[in-house]
Amino acid sequence: MNRSAQPDFAVLGGGLCGRLVAWRLAGQGHRVALYERGDAAGSQAAAWVAAAMLAPLAEAASAELLITRLGASSLDTWPQVLAELPEPVFFQRNGTLVVWHHADRTEAPLFERRVRSNAPADLLDGGFVTLTGAQVGAAEPALAGRFNQGWLLPREGQLDNRQVLAALAAGLAERGVETHWNTPVDEQSLPPARITIDCRGLGAKPVLPTLRGIRGEVARVHAPGINLTRPVRLLHPRYPLYIAPKQNDLYVIGATEVEGEDMSPVSVRSALELLSAAFSVHPGFGEARILELNSQCRPTLPDHRPALLWDGARTLRVNGLYRHGYMIVPEVADEAVRFASALLDGRIGDADAFAEWRRDARWSELFQQDRAREPA
Ligand SMILES: Cc1cc2nc3c(=O)[nH]c(=O)nc-3n(C[C@H](O)[C@H](O)[C@H](O)COP(=O)(O)OP(=O)(O)OC[C@H]3O[C@@H](n4cnc5c(N)ncnc54)[C@H](O)[C@@H]3O)c2cc1C
C-alpha cells in the first residue's frame, strides 16, 4: 500500500456511488480519502430518500436497454457486495407485482408494450408473468380480491437503502478509508490526491452544467398487519406509485417525479396523491403511521443515462444515476474502479488510450471524455 503524503484517490461525495467506489478501491489496497458534505448516515444524499428497488424490467417501461442490462447484471452482483460488508443489509429478490385499478386499465397495455419493446428477450422469458385476479391474491395475499389482473416480475429485488449506506460507512472504516464527513469540497478546495473521483451527484453541477435534478417525494410509513411481501407498483395515468415493504412493517411509498431542483419539503398535493393511492391499494394504509415525508432530487444528465466522464487528466466523474442508482451502481462503480485504477498506474494518459479502453470496456457506453474540462 502506498503511504506517501497524498492518497491515491480522493473521492468527492459519499452518497451511494462515492461510498461504493471508495470501498472497492480500498479493498484493492489503495489509499483512499472520501469527502462528504453531510453526515456519515448519508442524510444529504439522494440515496437517503430512495426506495432502493432493483427493478430492471419494471423500469424498462421508461428506461433504455443499457439501463436494463446494467440493472440485471447489478442484481446478480449485489449479494456478493453485501456479503463482504461488515453489517447486515435487508435484501430480497422476491419480485415486483404490478397492478392497476379497473378504471385505469388502459395504462396496462401501454406499460406492457413499453416493457416488451425495451427489454431483452432473455429477461422477459419467465420474467414477466401475467396473473389473473385469483393469482394476484395467491402471490400477494394482502391484495386478494382487490385487483382483476396483474403482472409478476419474479426476478426483481429491493434492499434497505439506509442499511446499505450504514454498512458501507462501516466498510470504509474497516478498510481504512480516510473519511471526512461534514466536509464540503468545491473546485477551489480540491483535496490532494493522485486521482480525483467526483461522485457528488447533483453537487457536481458547477462542473457539469447540463446536470439537472429531478425531484422525487416519498412517504415512509409504519403499517403493521398489511404484510406485503414485495414491492407493488400501481399503474395510473397521473399518479403511478410504488409501495416498497422493508423490514418491521416499514413501507416506502413513492415517488413523484417533478422537473426542477426543488429541495423544499413535500407538498400537500404530493402527500395526498401518494397516500391516497396507497390507501387505494390496501385500506390498511389508512391506519398507518407517517414516519417521514421526504424529498430529494435525482442527479440526471440530458440523456437520462449514467456516465463516466474523464477530464483528460486526473479526474473521473461518475454521475447521472438518475432514478436507477441502487439498481445499477454495482456495475457502474466497478467500471469506475477499473478505469480509475488504470488512470492511477498510467495505462490511460491520452485520447488514444482512452478510446482503446472505452472500446474494450464491459460497459463502453458509459464512457465519455469531458472535453470542455480538458486542460488547454
Ligand atoms: C425519491 C427517490 C426515489 C428513488 N428510488 C430509487 C429506487 O427505487 N431505485 C434506485 O435504483 N434508485 C432510486 N433513486 C435514485 C438513487 O437514489 C440515485 O440514483 C442515487 O442516490 C445517486 O447516487 P449518487 O451517489 O450519484 O448521488 P447521491 O446519493 O445524491 O450522493 C451524492 C453525495 O455527494 C454529496 N455532495 C454533494 N456536493 C458535495 C460537495 N460539494 N462536497 C462534498 N460532498 C458533496 C452529497 O451530500 C451526497 O451525499 C431514487 C431517488 C429519489 C430521489
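Residues numbered from 1 in each chain as written. Predicted model: local features only at pLDDT ≥ 70, side-chain atom pairs only at ≥ 80, totals over all residues.

(A) Inspection of the overall build of the protein at higher detail. Looking only at helices and strands, the protein features eleven helices and 19 strands. By the compact-globule yardstick of 21 Å for 376 residues, the protein fits well, its C-alpha radius of gyration being 21 Å. With respect to the three principal axes, the spread of C-alpha positions in the protein is 65 × 40 × 35 Å. (Helix = DSSP H or I, 4+ residues; strand = E, 2+ residues; numbered from the N terminus. Rg over C-alpha atoms; globule rule 2.2 N^0.38 Å.)

(B) Quick peek at the UniProt feature "domain: FAD dependent oxidoreductase" (unreviewed entry) in the protein. Under the UniProt annotation, "domain: FAD dependent oxidoreductase" (unreviewed entry) lies at residues 8-335. The span residues 8-335 carries 31% helix and 26% strand; its end-to-end C-alpha distance comes to 18 Å. (UniProt positions renumbered as here; feature names shortened; annotations may be inferred.)

(C) A look at the sheet that holds strand β8 (residues 157-159). Here we have three strands laid out as an open sheet, ordered β3-β8-β4, and antiparallel in their pairing. With one partner strand each, in any of the chains shown, β3 (53-54) and β4 (91-92) form the two edges of the open sheet. Inspection of the sheet shows β4 paired to β8 by two bridges, in the antiparallel sense. Residue pairing in the sheet places Q92 in a bridge with Q158 of β8. (Pairing = 2+ DSSP bridges.)

(D) Representation of helix α4 (residues 65-84) within the structure. Counted at 1.5 Å a residue, the expected span for α4 with its 20 residues is 28 Å, and the 29 Å between its end C-alpha atoms agrees. Every buried residue belonging to α4 is among I67, T68, L70, G71, A72, S74, L75, W78 and V81, and all of these are buried. (Expected span 1.5 Å × (residues − 1). Buried ≥ 20, exposed ≤ 12 C-beta atoms within 10 Å, placed from the backbone.)

(E) Focus on helix α1 (residues 16-27). For α1, built from twelve residues, the straight-helix expectation of 16 Å at 1.5 Å per residue is met to within 8% by its first-to-last C-alpha distance of 17 Å. Across the twelve residues that make up α1, a large majority, eleven, are buried. Taken together, the buried positions of α1 are occupied by L16, C17, G18, R19, L20, V21, A22, W23, R24, L25 and A26. Count one or two residues on from α1 and you reach G29, which has phi positive near 95 degrees.

(F) Summary view of the site of the ligand. Taken together, the neighbourhood of the ligand is formed by 42 residues, with G15, G201, G203, G216 and G325 sitting nearest. Each of domain 1 (9-49 + 161-211 + 303-373) and domain 2 (96-154 + 212-300) gives at least three residues to the shell around the ligand. (Near = placed C-beta within 6 Å. Domains from an automatic or database assignment.)

(G) Region of interest: the nonpolar core. Judged by nonpolar contacts, the single largest core of 109 residues is most densely connected at V21 and A336. Looking at this core, the element that brings in the most residues is helix α10 (residues 325-344), giving eleven residues. (Core = buried A, V, L, I, M, F, W, Y, C linked by C-beta atoms within 7 Å.)

(H) Structural detail: the sheet that holds strand β19 (residues 367-369). Ordered by their spatial adjacency, seven strands build an open sheet running β9-β2-β1-β10-β18-β17-β19, and the pairing between neighbours is mixed. Looking at the sheet topology across the chains shown, the edges are occupied by β9 (178-180) and β19. This sheet shows a mean twist of 20 degrees between the axes of neighbouring strands, independent of strand direction. Relative to strand β10 (residues 195-198), strand β1 (residues 9-12) runs parallel, the two being bridged by four bridges. (Axes fitted to C-alpha atoms, helices over the stretch in contact; angles between N-to-C directions.)

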